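Structural features, examined
Listed here are the chains, written in short residue letters.
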Amino acid sequence: MTGLAPDGGLFMPERIPVIPSAFFKNIGEMGIREIAYVVADMMLGEDIDSADIKRIVFDTFSFDIPLVELEREIFALELFHGPTLAFKDVGARFLARIVSHFGLTAEQKVKVIVATSGDSGGAVANGFLDVPGVEVYILFPSGGLSAVQKAQFCIPNANITPIEVHGTFDDCQRIAKAAFTDSELRSTDFILTSANSINICRLLPQMFYFFHAYAQLARRNPSVKDVVVSVPCGNLGNLTAGLLAWKMGLPVKRFVVANNANAVTSDYLKSGLFEPRRTVRTVARSMDVGNPSNIHRIFDLFDNDFNALSQMLGGYSFPDAEIMECMADTYSIHNYLLDPHGATAYMALKRDLADGEQGIFLETAHPSKFPRAVRDAVGVDFKKPAAAENAKCHVAKIPPSLDALKKILLAD
Ligand SMILES: *Cc1c(COP(=O)(O)O)cnc(C)c1O
């Protein structure tokens, strides 16, 4: 519920429970809800009783996350079958249920802030829509989102306030973070919390589908081994969740960081120097992040040992032209339509995978969320959903400053 620690740091689990290896012997027979329940109960069982955990994870996974074979030994984990067609539905739906579970007991109003570079906004709005006692504030950068993405959180008369920030995603993230350590906001009578992946509660449920992906490989081949997972990276929430799953015992051999031209993390893996920079716009815009905050969780998971970290992680970055070319080629060769983020991860995986290994890449959003990129790269036209045409709701516009955000938070 606190979102960010009082000193501005990110929460991490005090300890990471390890799942007995016997669990992995039968994992191929389990569905995503059963797997999620076992993992969540190990992580949260001290704080929430099992029946509630079960209900929360069952409600979260109202959709499946299939693993699809794209070519020999290469699989796409399709994370886009949720209500807003991106993986962020998983974290948002789980978080909304956890917040409502604890908020109702505390009898306090909850104000949720989320900074979005694309898909978080819609997923969080959808997850929290009409949840009693909760108001949601969505910060997005001017000009940074597609019409479809905006339409997903532009919901008239809802408990959702969209706020357009005159700046970049990093500006949105910076003022959202500043709000949590602001003494005036901390002393109000409402609970202020974050729905960004700085909130550990959004990351924990993202672990479940790494286990589920492995389970689907195990179903095909019970003696599965040497699994490499490629993650299209922006703020590194997904990668952190994958690494947490690995720490809990998931048999993954290596993860691969796939970056677009915002190559902060893949460059870090080469040089050992983490150097945040200004964001540049790309076709895979949900990964346009110049200062990924979850890197600090990853440092922590490896006790700041760059050697250990770089053995577990490969990293590559790709310019827009290669992303578009990959989308076109994959469609013509495999008849599979990738979105720009999944395409980036697919390329990184192909570069990293060695003989005898099996690769999974995360297909993080449905291609129809990025109609222009798909049309330009592949020539396939998606009709704009009617909602995108009609979306009219009040959008507050503010400069990239904490004071401007505070005015809105304190007004109602
Ligand atoms: C948010 C997002 C990403 C980046 O995920 P992180 O967890 O922030 O690294 C990648 N692809 C899509 C489609 C996204 O919405």
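This section reports on the structure supplied with the text. These numbers come from a predicted model, not from an experiment. (Residues numbered from 1 in each chain as written. Predicted model: local features only at pLDDT ≥ 70, side-chain atom pairs only at ≥ 80, totals over all residues. Heavy atoms only, no water.)

**Describing the overall build of the protein chain**
- What the protein chain contains, in helices and strands, is 18 helices and 11 strands.
- Taken against the 2.2 N^0.38 rule, which gives 22 Å for 412 residues, the C-alpha radius of gyration of the protein chain at 20 Å falls within 12% of a compact globule.
- Dimensions of the protein chain along its principal axes, counting C-alpha atoms only, are 60 × 50 × 40 Å.
- Taking all 412 residues of the protein chain together, the buried fraction comes to 59%.
- Sequence separation of 24 or more characterises 77% of the internal contacts of the protein chain that already satisfy a separation of 6 or more.
- Summed over all atoms, the accessible surface of the protein chain reaches about 16,500 Å², with 49% contributed by carbon and sulfur.
- The protein chain carries 39 positive and 47 negative side-chain charges, and their two centres are separated by 3 Å. (Helix = DSSP H or I, 4+ residues; strand = E, 2+ residues; numbered from the N terminus. Rg over C-alpha atoms; globule rule 2.2 N^0.38 Å. Buried < 20%, exposed > 50% of the residue type's maximum accessible area, 1.4 Å probe, protein only. Contact = heavy atoms within 4.5 Å. Areas by Shrake-Rupley, 256 points an atom, 1.4 Å probe, with all protein chains shown as cover. Lys, Arg positive; Asp, Glu negative; His and termini not counted. Charge placed at Lys NZ, Arg CZ, Asp CG, Glu CD.)

**What to know about the sheet that holds strand β5 (residues 160-165)**
- Taking strand neighbours across the sheet as the criterion, the 5 strands line up as β6-β3-β4-β5-β11 in an open arrangement whose pairing is parallel. Each edge of the open sheet carries a strand with a single partner, namely β6 (191-194) and β11 (396-398). The average undirected angle you get between the axes of adjacent strands in this sheet is 25 degrees.
- When strand β3 (residues 110-115) meets strand β4 (residues 134-141), the two strands line up parallel, connected through 6 bridges. (Pairing = 2+ DSSP bridges. Axes fitted to C-alpha atoms, helices over the stretch in contact; angles between N-to-C directions.)

**Focus on the site of the ligand**
- Taken together, 15 residues surround the ligand, and among them K88, D119, G234, L236 and T364 come closest.
- Measuring from an oxygen atom of the ligand, one finds a backbone N or O atom of G234 at 2.8 Å.
- The separation between an oxygen atom of the ligand and a polar main-chain atom of L236 is 2.8 Å.
- Protein contacts shield 97% of the accessible area of the ligand, which totals 390 Å² for the unbound molecule. (Near = heavy atom within 4 Å. Polar contact = N/O pair within 3.5 Å; in protein donor to acceptor, adjacent residues only side chain to side chain.)

**Some details on the packing of aromatic side chains**
- One pass over the full model with this rule turns up 15 aromatic pairs.
- Note on Y268 and F274: the rings are 6.1 Å apart at their centroids and 85 degrees apart in plane angle, and the pair reads as edge-to-face. Each member of the pair, Y268 as well as F274, carries the same accessibility label: buried.
- Ring centres of Y346 and F361 lie 5.1 Å apart, and the angle between their planes is 35 degrees; this geometry places the pair in the tilted category. Pair noted here: Y346 is in helix α15 (residues 340-352) and F361 is in strand β10 (residues 358-363), with a separation of 15 residues, a long-range link.
- By relative accessible area, which is 0% here, F361 ends up buried.
- Between K54 and the ring centre of Y37, over which it is positioned, the NZ or CZ distance is 4.9 Å.
- Here the guanidinium or amino end of K111 rests over the ring plane of F190, the centre of that ring lying 4.3 Å away. (Phe/Tyr/Trp six-rings, centres within 6.5 Å; stacked < 30°, edge-to-face > 60°. Lys NZ or Arg CZ within 6 Å of the ring centre and 35° of its normal.)

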